[in-house]
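Below, each chain spelled out in residue letters.
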Amino acid sequence: MENLGPTELKLMQGLAQEVTALRPELLNGDATVGELAWVWAKDFDALSPSWRHRLWFTDGRLAAWGWAHLPYRVARGGGTFRESKTANLLWQAHPGRAALLAEILDWYDDVAGGVDRLLTVQSADAQSQAIVAAHGYAFDAEAGSDNGSWVQFNTRELTNVPDPMLPEGFRFLTAGDVAAADAVKAHRDAWHLSAFTEHAFKRVRRTWPYRADLHVLVAAPDGTLAATAIIWLDEATQTAEFEPVGTHRDFRRRGLGTALLLHGMHLARAVGASRMLVACLGAPAHAEARNMYYGVGFRPISRDLPQIKVAR
């Protein structure tokens, strides 16, 4: 089966643009313009053999898509492995074609085979909740618990953005100011389990709508890259997204993340964005990132409802 390639990805991002303009609260997990670019580009080399996809067209336009991530086991390095024993579905349907989810689920059953199947629907999407229930899915009580891994989606209009304040000696940079290897190290210092590589970063940089001037970093006085964020700008909807955002483990709780977000929002507004999006863990037990986003003016518009269909 052909890998999910740049042509298909751009079509999927086009549908994300339509949903963003019409009903942003119906954007599914990893189905925004920026999330699609990031997830696809960073994981293509390691995980694409375990990917399956299908696109649904109506009147010549993309109306829905499904992207199944099947079980995998890949070497992480140092004798460790990155693995999943379940299937996971990313998907999106146009708000006017919501019933296509039933066809996506039938296809997902076929390609996933005899393993547990996971997916998410949005709390604002009552029609999709009913469709997945009719197809044998149930709310995943563990993933959706107060200590679970569910994600909430947040937005902020780019008005009244305070000026950022960095501690003395720290400074803002962009990816154009640093070597690729250093930008990759900044990400891995913030996300210590990440398998992000220079080769993957090369693909990220080639993937629309990545811009080096919107890949922002904070440098510490000793030169360490202490915080990092990529901003994905969609000019058509005047929307920008943060993904990912992270701070070096040795530099947390110094206000660097807050300063980077405010700086990033000023940059996004300067290049034409009128609103920002960002996803984060939403469970009460994982409040740190969520509170940081609330502190700079983000507010939730939807949350994941994790679903599971246990293999029989």
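Please read these numbers as outputs of a predicted model, since none were measured by experiment.

I would appreciate a short explanation of the nonpolar core in the present structure.
The tendency in soluble globular proteins is for nonpolar side chains to be buried side by side. Judged by nonpolar contacts, the single largest core of 45 residues is most densely connected at Met-12, Trp-40, Trp-65, Trp-67 and Val-204. When neighbours within four sequence positions are excluded, Val-204 is seen to be in contact with Trp-38, Ala-41, Lys-42, Phe-196, Tyr-210, Ile-230 and Trp-232. Phe-170, Leu-214, Ala-226 and Ala-227 belong to the second largest nonpolar core, which has 29 residues in total.

Before we go on, may I ask you to explain the environment of Ala-21 in this structure?
Examined against the element boundaries, Ala-21 turns out to sit in helix 1 (residues 6-22). Separated by 131 residues in sequence, Ala-21 and Gln-152 have C-alpha atoms that sit 19 Å apart. When near neighbours in sequence (up to four residues on either side) are disregarded, Ala-21 contacts Thr-237 and Arg-275.

Would you mind going over unusual backbone geometry with me for this structure?
Most of the time, phi is negative for any residue but glycine, and the peptide bond is trans. In this chain, Trp-208 is followed by Pro-209 through a cis amide linkage whose omega measures 5°. On the secondary structure map, Pro-209 appears in the loop between helix 6 (198-206) and strand 10 (215-219). Following Glu-243, the chain continues into Pro-244 via a peptide bond in cis, with omega recorded as -5°. Within the secondary structure layout, Pro-244 lies in strand 12 (residues 239-247). Although it is not a glycine, Arg-253 sits at a positive phi angle of roughly 65°. Locating Arg-253 in the fold gives a position in the loop between strand 12 and helix 7 (256-270).

Is there a simple way to explain the pattern of salt bridges in this structure?
A side chain of one charge can pair with a side chain of the opposite charge when the charged atoms of the two come close. What the rule picks out here adds up to eleven salt bridges. Residues Glu-25 and Arg-23 are paired through a salt bridge, measuring 2.4 Å at the closest nitrogen-oxygen approach. For Glu-25, a relative accessible area of 19% gives the class buried. Under the relative-accessibility criterion, Arg-23 is labelled partly exposed at 34%. Where Arg-117 meets Asp-109, a salt bridge forms, and the shortest distance between an N and an O atom there is 2.5 Å. For Arg-117, a relative accessible area of 9% gives the class buried. Sharing partners across several salt bridges, the network here consists of Lys-42, Asp-43 and Arg-82.

Help me understand helix 3 (residues 101-112), please; the structure alone is not making it clear to me.
Residue pairs three or four apart in sequence face the same way in an α-helix, which turns once every 3.6 residues. The end-to-end C-alpha distance of helix 3 is 16 Å, a good match for the 16 Å that twelve residues give at a rise of 1.5 Å each. Taken together, the buried positions of helix 3 are Leu-101, Ile-104, Leu-105, Trp-107, Tyr-108 and Ala-112. Taken down its axis, helix 3 places every buried residue within 165° of arc, on the same side. Packed against the buried residues of helix 3 are strand 1 (51-58), strand 2 (61-69), strand 5 (87-93), strand 6 (117-122) and helix 4 (126-134). Positive phi shows up at Gly-113, right after helix 3, with a value of about 70°.

Would you mind going over the packing of helix 2 (residues 33-47) against helix 6 with me for this structure?
To characterise two packed helices, one gives the angle between the axes of the helices and the distance between these axes. Look at helix 2 against helix 6: their axes get within 8 Å of each other, and the N-to-C directions meet at 145°. Viewed along their axes, helix 2 and helix 6 form a crossing whose handedness is right-handed. For the pair formed by helix 2 and helix 6, the contact residues are Trp-38, Trp-40, Ala-41, Lys-42, Phe-44 and Asp-45 on the first element and His-199, Ala-200, Arg-203 and Val-204 on the second. For the contact of helix 2 with helix 6, the per-class residue count stands at six nonpolar, one polar and three charged.

About the criteria used
Residues numbered from 1 in each chain as written. Predicted model: local features only at pLDDT ≥ 70, side-chain atom pairs only at ≥ 80, totals over all residues. Heavy atoms only, no water. Core = buried A, V, L, I, M, F, W, Y, C linked by side-chain atoms within 4.5 Å. Buried < 20%, exposed > 50% of the residue type's maximum accessible area, 1.4 Å probe, protein only. Contact = heavy atoms within 4.5 Å. Helix = DSSP H or I, 4+ residues; strand = E, 2+ residues; numbered from the N terminus. Salt bridge = Lys/Arg side-chain N within 4 Å of Asp/Glu carboxyl O. Expected span 1.5 Å × (residues − 1). Arc of directions from axis to C-beta. Axes fitted to C-alpha atoms, helices over the stretch in contact; angles between N-to-C directions. Left-handed = near helix turned anticlockwise from the far one by under 90°. Nonpolar A, V, L, I, M, F, W, Y, C, P; charged D, E, K, R; others polar.

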